[in-house]
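Secondary and tertiary structure notes
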Amino acid sequence: METRADGAWRDVATVALTPDGSTADIAGAASDRRIWRYLIQYRWQYISGFFALVTATVLALIPPLVVKYAVDDIEQTVRGSGDVTRSTLLSYGAIIVATAIVESVLRYYSRRIVSGSARHIEYHLREDLAWHLLSLDQGFYVQARTGDLMSRLTNDLQAVRDFIGPSVVDISRSLVVLIAGFAFMLAIDVRLTLISFAYLPVVILSMAYFETNIEKRFFEVQEQLAELTERSQENVSGIRAIKAYAQEDAEIATFARENAEMRRRAMRLGQYQAGLLPTMMALTAGGTLLLLWFGGRDVVSGRISIGDFVQLSLVMSILATQLMSVGWVVASAQMGVVAIRRINEVLRTPAAIADPAHPEPLGRAEGRVEFRDVTVRFGQTPVLTGINLAIEAGATVAIVGATGQGKTTLANLVPRLVDPNEGAVLLDGRDIRSISLADLRRQVGFVPQESFLFSESLRENISYGRSDADDDAYHHALVTSQLSNDLEQLGDGIHTVIGERGTTLSGGQKQRAAIARALLKDPPILVLDDALSHVDTHTEEEILRRLRDFMEGRTTLVIAHRTSTLRAADRIVVLEDGRIAEEGAHHELLRRGGVYSRIYREQLALEQRQEDVEADLVEPVPEGER
Amino acid sequence: MSFYEEEELIGKVYDRRIAGRLLSYLRPYRTQVVISVLLMLVVAGLELVPTLLVKYAIDEQITPGRTDQLGKVALLFLGTLLLGFMMRFVQMYLTWWVGQRFMVDLRMQLFSHIQHLSVSYFDRNPVGRLVTRLTGDIQQIEMVISQGIIQILTNLLMVTAIVVALYVLNWWLALIMTVFVVPLIFLVRLFAAAQRQAFRDQRMWMARINAYLNELITGVAIIQLFNRQRRNMEYFDQRNSGALEANLRVLFWYAVFEPTVVLFNAVTITAIIWVGGGASLDGAVSIGTLVAFISFMQRFFWPIRELSERYTMIQGAMASAERIFGVLDAPEEVVDSEGARPLAGVRGDIRFDHVWFAYEPENWVLKDVDFTIPAGQKVAIVGATGAGKSTTMALLSRFYDVQRGAILVDGEPIRDLPQRWLRRHVGVMLQDPWIVSDSVEENIRLRDTSISDEQVRAAAEAVGASKFIERLPDGYRTVLAERGANLSTGQKQLIALARVAAFNPEIVLVMDEATASIDPETEETIQSGLDRVMAGRTALIIAHRLNTIRAVDRIIVLHLGEVVEDGSHDELIAQGGIYARLYELQYQVQAGV
C-alpha cells in the first residue's frame, strides 16, 4: 500500500473506468477489510440470525408432512380402512398453525437481525467514508467528480447493504431449503427425489441466465439514458445558439437518433424481461408435471401413498419458489462486489496531507512566515519554482500577477491546503509539517477566492471561525466586513438560513460573510485570496479601511488588484510563471518601472473607468443580457 | 442532477384529465394494446388449467388406481404449459414494445416542443429542470406503461380467475375461504400504507444525505481550514441516523410481511383440511378438490401484495406526467404571424423604428431606440454594462418581440417574417461559443446537413481557423470535449467565426466583449478573421477591441437604453462625449500606459 500511496487514486480510477469490471481484483478483492471488520463486529447477530433462519426453513417443511398424514387418513377412511374423525383433522390443523407461528417468529427475527445488521453496517460505512472524505486533500478533489463520490456514498453503499443483508439471507435459505428438502423427499421416495433434484439445476441455471442478461442489457439502457441526458443538457444549455442559427430541425434529427437507439437497447432488454416471468411460471408448472407423470404412476402402483404425492408437490413448490430468487441473488452479488470495490477505492486513498506522527504542540503563533526554496508541481507542470520569501510577523505582503502565475497556490501553502514538492514553509521558524493540522489551521484566517457558505444560518456560517465567540465579537466581524448593513434586508438578520432552501446571497454578500468568518477567528495570520472581487468599489474601499485596523499586528498575505491595497502593503511580491519576478516596497517597484509599474498603471486606469461608469448609476442587468 | 431538485414526488393516484391525455398517446398502437389485453385474459384462464388437471388426475385416475388417461393428462398439461409460456411471452413483449414506442413518441414531442419555445422560457427555467423532464420523468411513465399496468391487470385477472375456479370447484368451501381472504385484503392494504410512508421517509432522508454530501464535498477546504470536521460530521450524522431509522422502519414492514404470508397459508390449509377434509369423509368433497384448494390458496397472496406495491409507482408517474404536460402546454411566445413569407433575397438594410422593449412590464431596457443601418455598413454598439447592447442584438434575431415600434430588415418588419428564416440570414457570433461534444466539422455547421464538408473547410480557411484545426489529431473529424474543454478560449472563438462564415448570412451580429487572456498570436488571427467575416455584410458589433472599433464605419453609443451618440469614430472623438471618454480609458488600459 505504501508504495502506491501517491498515485492510488489515479490507479483505482482507471480500474473503475474499465467497463466490464474484469480488472477487478488488483485493488479489490483483498481489501474488503473494513467491511469484514464490521461483519465480525456483528457476528453474533449474523450467527443467531442464521440459526433462526435454518430452524424456520426446516419448520416450513413440516406442514406438507402433516398434510400428507391428513390426506392419507382421509383417503383410507373414505375407502373404509381408516377411522379418522373431524377432531383428528382439527388437531392436524392445530399442528400446522402452531408450526407456522414458531416459523413466523423465527423468520421475522432472522430477517430483522441480519438485514438490520446490514443496515447498521451501511450506516457505519457511510460515516467512515464521510470522515475519510473530510481528511482528503485538494489533490484528490481536483481529480474526483462530486457526483461520482456522492454515488459511492449512496448507491454503492445500498448495493453493499443488499449484498450483505437480503442476499446473504437468500443464499443461506436456498442452501438450507435444498438440504432439508432433499432429506424430507428422500424419506418418501429415492427415485422421485433424484428426478426432482435433477430438475432443479435447470431452474437455477435458467434464472441465472435471465438475471445476468437482464443486468447486462439494463446497464446498456442506463448508458444510453446517460447519453440522452448529456444530449438534452447540451441542447438546452445551447438553446440560444441553436435558435440563432435556426438549427432546431438538425437538433431534433440528432436527438431522434439517440432516442431510437434508446428504444433499440430497451427492446433488447425487453426480450429478456418479457421472458423472465413466463419462464418462471413454466418452470414451476414443469415441476408439477414431472411429479404428476412419475409420482402418479407410483401412487397407482402403490410405491407411495396419495398423501406422499401431495407432500411431494408441496415441498417441490417450496423449493421452486425459493430457487426463483437465485437469479436475483447472483445479480445482487455481482453488483455488491463492484460496489465494495468502489467504496474501498475511496477508503484506501491515503490523505496526502496529514498530521505528523509526533506533532509539536503550538499555542498562538507570532506569525513569522517563511517560504524556503519552495517548488510546487501539479503532475509534471511546475506551478511555483524556487520561491524564497520571508515575511516578518505583523507585516502585510501583497501578491500580484496575472491569472495562472501561482498566486493562489502560494496562498494555499500557508494553511497546508497544498504541500510543497520541494523546500519547506516555516511558521515562527518551524516547518509547518511538524505541527498538527488543527493547530496550524487555527493560526490562519483564510478567505478563499470562491467563497463557500453552508446551508445553515448566517450566524452558524460565521461561527466556523470560532464557535465560542460572544455577541461583541460577531458585531465586530460583521461591521468590519460591512455585512451589518445587509442584515436588515435578510429576513431573519443573522439567523437567516442561507443556500438552496434559504435566502440566496449575492456574490458580494457571500464574500463579505467569508471575510467575517475569517475575522471572527481572530487569527495571527490572515490570507485574503482575491477576497473582494464581487464587492462593489465603494464597499470594497470601506472594508479595506476597516480591515487595515484589524491587520495591525497580524501577518497578512493578500492577493489583490486594487491600487489602494497595493499602496498600503508593506511589501509587494510579483509572480510570473511561478517565480518571484519582482519584490519590494510599492514606491521602490514603481520607480523601477518593471512589471509591477505596468500592472499598477493598468489597474489605476481601470479603476478610473469603473468610477465613471458607476457614477452613471448603472441600471440592473436583466436576465436576458447575461 | 435531480438530487437537489427535491420536487414534489407524490401525485394523485388517478387524475382523469392526465390519465386520459396519457392514454391518447396509445391510440396509434391500439391494435397492439387490444391484442395484449386479449392475450392477458387467455393467459389468466390457462393459469388455472394445470391445477385443475392435477385435480382431475387425482380424482379420476390416481385414487381409483387407473393410469389409462394419465398420459393424456400429462400431454394436455405440457401443451397448456407451452402455450401459456408463449402467449405470456408475446403478451409481455408486446406491452414492452408499446411502452417503448410511447416513450419515444412522448420524448420526441417534448424535445421538439422545447426546441420551439421562445428564449424567454429558458430565461425562466433552469436547464436541469428541462433535462429531468426529458429523461427521469419520461422514464417514470414508461415504467408504468410497460410494467405497472400489465402487472396490475394480470394480478387482478389472476385473483378473479382463482376466485371463479374456487367457486366452481366447491362453492361453500370457497365461501369459507372468503372469510379469510377479506380480512387479509384489509391487512395487506394497511401494511402497504405503512410501508409507503416508510419508503417516502427513506427517500426523503436519502435526498437530504445527498444534499448535505454535496455541501461537504464542495466545501471540504473550508471545513478543513476552520477545523470544523467534528461539527459538520454531527450534522451529517443527523441525516445518516435519520436514514438508518427510516431504513429500519422499511425493514420492519418487510420482515412483518413474510410471517403474514406464512400464517395466512397455515390458516387456510388448516381450514381446508378441517372443513374440507371433514366434508370429504362424507364423500362431499374429493381429495383432488382439497389439493386444488391448497394449491390455489397458496397463489392468492402475492397478486394482492403486488397490487398495493404498484400504487407508489403510479403516483410517481402521474406526478411526472403532470410536469411533462406543464412543459408541453407552455406557449411559444414568439410566433410566426399568419401569412409570414420569406423575402426573395436579403440586402441587409436594418431599421430600428422607435423601439421600446422591456423584459418585465414597464422596466424599459430600450427606450425609443431609432436608427437606420444601410446594407453593408459596419456599426459598433458601445455602452456600459446594462446599457442595452446585447438586448439590441437579441431583438434583431427576434428572440423577443418588441413592445412598441418595430424592427425592419430591408423595409419589412421582422414580425412579419418567418423567424427561423430570419435567423438564417442574421448570423450571430456569441460571446461564449456553444461547443458540443461532436466533431469540429459538426461544430462548425451545427449538424446542418445542407452545409457540405467543402463549405465547412472553406469557411474555416477564410477565417484562419484551419491552421489550428488541421493540427488536431483527427483534423476536422476530431471530437471535441463537452463545452469545448479541450480548446482554448481563442480556439473556441475561431470555431465560432468559422461557423458564421459557413452559414454565410447577410447580416452579422458579433458579441465581442472583453474576455480572459488570449495569447497575442491567436488574438491577431481572430482579429483578421473577424474582418473577413464582416466584409461585404451588414455588421453590428459589440466590441471591446480598439482595432475593431476603429475599423467600423459608425458607432452608436447606448446609455441606459437610449441612443445618445451616433457617428463615425472621428466625429464622436471630436464631440468629446461619452464615447470619447470611454475610448480614452480603454486605450490607456489596452496600450498599457
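Definitions and cut-offs
- Residues numbered from 1 in each chain as written.
- Chains lettered and ligands numbered in written order.
- Predicted model: local features only at pLDDT ≥ 70, side-chain atom pairs only at ≥ 80, totals over all residues.
- Heavy atoms only, no water.
- Helix = DSSP H or I, 4+ residues; strand = E, 2+ residues; numbered from the N terminus.
- Rg over C-alpha atoms; globule rule 2.2 N^0.38 Å.
- Buried < 20%, exposed > 50% of the residue type's maximum accessible area, 1.4 Å probe, protein only.
- Contact = heavy atoms within 4.5 Å.
- Areas by Shrake-Rupley, 256 points an atom, 1.4 Å probe, with all protein chains shown as cover.
- Lys, Arg positive; Asp, Glu negative; His and termini not counted.
- Charge placed at Lys NZ, Arg CZ, Asp CG, Glu CD.
- Domains from an automatic or database assignment.
- Buried area = accessible area lost by both parts, 1.4 Å probe.
- Salt bridge = Lys/Arg side-chain N within 4 Å of Asp/Glu carboxyl O.
- Polar contact = N/O pair within 3.5 Å; in protein donor to acceptor, adjacent residues only side chain to side chain.
- Nonpolar A, V, L, I, M, F, W, Y, C, P; charged D, E, K, R; others polar.
- Core = buried A, V, L, I, M, F, W, Y, C linked by side-chain atoms within 4.5 Å.
- Pairing = 2+ DSSP bridges.
- Axes fitted to C-alpha atoms, helices over the stretch in contact; angles between N-to-C directions.
- Parallel < 35°, antiparallel > 145°, perpendicular 65-115°, else oblique.
- Left-handed = near helix turned anticlockwise from the far one by under 90°.
- Expected span 1.5 Å × (residues − 1).
- Phe/Tyr/Trp six-rings, centres within 6.5 Å; stacked < 30°, edge-to-face > 60°.
- Lys NZ or Arg CZ within 6 Å of the ring centre and 35° of its normal.

**Remarks on the overall build of chain A**
- When you go through chain A residue by residue, the secondary structure sums to 21 helices and 10 strands.
- Taking 626 residues into account, the globule formula puts the C-alpha radius of gyration at 25 Å, and chain A, at 36 Å, lies well above it.
- Taking all 626 residues of chain A together, 56% fall into the buried category.
- By sequence separation, contacts in chain A at least 24 residues apart represent 76% of the contacts at least 6 residues apart.
- Looking at chain A as shown, the accessible area adds up to about 26800 Å², and 56% of this sits on carbon and sulfur atoms.
- Separation between the mean location of the 65 positive side-chain charges and that of the 81 negative ones in chain A comes to 5 Å.

**What to know about the environment of P359(A)**
All names here are of chain A.
- Relative to the elements of secondary structure, P359 occurs in the loop between α12 (326-347) and β1 (369-378).
- The partly exposed category is assigned to P359, whose relative accessible area is 39%.
- Each C-alpha atom of the pair P359 and D439 lies 9.3 Å from the other, and the pair is 80 residues apart in sequence.
- Other than its neighbours up to four places away in sequence, P359 contacts S434, I435 and S436.

**Focus on the domain arrangement of chain A**
- Domain annotation of chain A identifies domain 1 (39-189 + 306-351), domain 2 (209-303), domain 3 (365-443 + 525-538 + 552-617) and domain 4 (451-522).
- One C-alpha centre belongs to domain 2 of chain A, the other to domain 3 of chain A; they are set 58 Å apart.

**Brief notes about the interface of chain A and chain B**
- Across the boundary between the two partners, chain A contributes 148 residues, which contact 154 residues of chain B.
- Between chain A and chain B, a total of about 13900 Å² is buried, with carbon and sulfur atoms accounting for 68% of that surface.
- It is L134(A), M150(A) and Y245(A) that lose the most area in chain A upon contact with chain B, and together they represent 6% of the buried surface on that side.
- Linking chain A with chain B are 8 salt bridges, by the criterion used here.
- Its salt-bridge partner being E248(A), residue R420(B) comes within 3.1 Å of it at the nearest N-O pair.
- At the junction of chain A and chain B, the tally comes to 36 residue pairs in polar contact (both at pLDDT 80 or more).
- Here the side of chain A that touches chain B takes 34 residues from helix α10 (residues 248-301) of chain A, the largest share from any one element.
- Here the residues of the side of chain A that touches chain B sort into 72 nonpolar, 36 polar and 40 charged.

**Observations concerning unusual backbone geometry**
- Located in the positive-phi region is D428(A), a residue other than glycine, with phi close to 50 degrees.
- Among the secondary structure elements, D428(A) is positioned in the loop between β4 (422-427) and β5 (430-431).
- At R447(B), a residue that is not glycine, the phi angle is positive and equals roughly 60 degrees.

**Some thoughts on the nonpolar core**
- Within the largest apolar cluster, 140 residues are counted, with the highest numbers of intra-cluster contacts made by V67(A), F309(A) and I141(B).
- Beyond its immediate sequence surroundings of up to four residues, V67(A) is in contact with I96(A), V310(A), L314(A), I269(B), I273(B) and I294(B).
- Residues V376(A), A395(A), V397(A) and V418(A) belong to the second largest nonpolar core, which totals 87 residues.

**Some words on the sheet that holds β4(A)**
Residues and elements named next belong to chain A.
- Strand order across the open sheet formed by 4 strands is β2-β1-β4-β5, with antiparallel pairing between neighbours. Each having just a single partner strand, β2 (381-391) and β5 make up the two edges of the open sheet.
- Where β1 meets β2, 7 bridges bridge the pair, whose relative direction is antiparallel. Following the sheet pairing, F371 is matched in β2 by L389.

**A few points about the packing of helix α5 (residues 127-169) of chain B against helix α9 (residues 287-298) of chain B**
All names here are of chain B.
- Taken N-terminus to C-terminus, the directions of α5 and α9 make an angle of 160 degrees; their axes are 11 Å apart at the nearest point. Considered as vectors, α5 and α9 are oriented roughly antiparallel to each other. Once α5 is placed against α9, the crossing between them reads as left-handed. The residues of α9 that touch α5, namely those facing I162, A165, L166 and L169, are T289, A292, F293, F296 and M297.
- Its residues assigned to classes, the contact of α5 with α9 shows 8 nonpolar, 1 polar and no charged.

**Examining α9(B)**
Residues and elements named next belong to chain B.
- Relative to the 16 Å expected for 12 residues at 1.5 Å per residue, α9 spans 17 Å between its end C-alpha atoms, a close match to the ideal helical length.
- With respect to burial, α9 is a largely interior element, 10 of its 12 residues being buried.
- Regarding α9, the residues found buried are I287, G288, T289, L290, V291, A292, F293, I294, F296 and M297.

**A look at the packing of aromatic side chains**
- All told, the structure shown has 27 aromatic pairs over all chains when counted by the stated rule.
- Arranged with centres 3.8 Å apart and planes meeting at 0 degrees, the rings of F255(A) and F111(B) form a pair that is stacked. Here the residue F255(A) occupies a position in helix α10, and F111(B) occupies one in helix α3 (residues 70-116), the pair thus bridging two chains.
- In this structure F255(A) comes out as buried when scored by relative accessible area, which is 0%.
- The class for F111(B) is buried, based on a relative accessible area of 0%.
- Ring centres of F252(B) and W253(B) lie 5.0 Å apart, and the angle between their planes is 75 degrees; on these two criteria the pair is classed as edge-to-face.
- One aromatic cluster in this structure is built from Y108(A), F191(B), F252(B), W253(B) and F257(B).
- Stacked on the ring of W293(A), the Lys or Arg R297(A) has its end atom at 4.3 Å from the ring centre.
- A cation over a ring is seen here: R457(B) above Y476(B), with NZ or CZ 4.4 Å from the ring centre.

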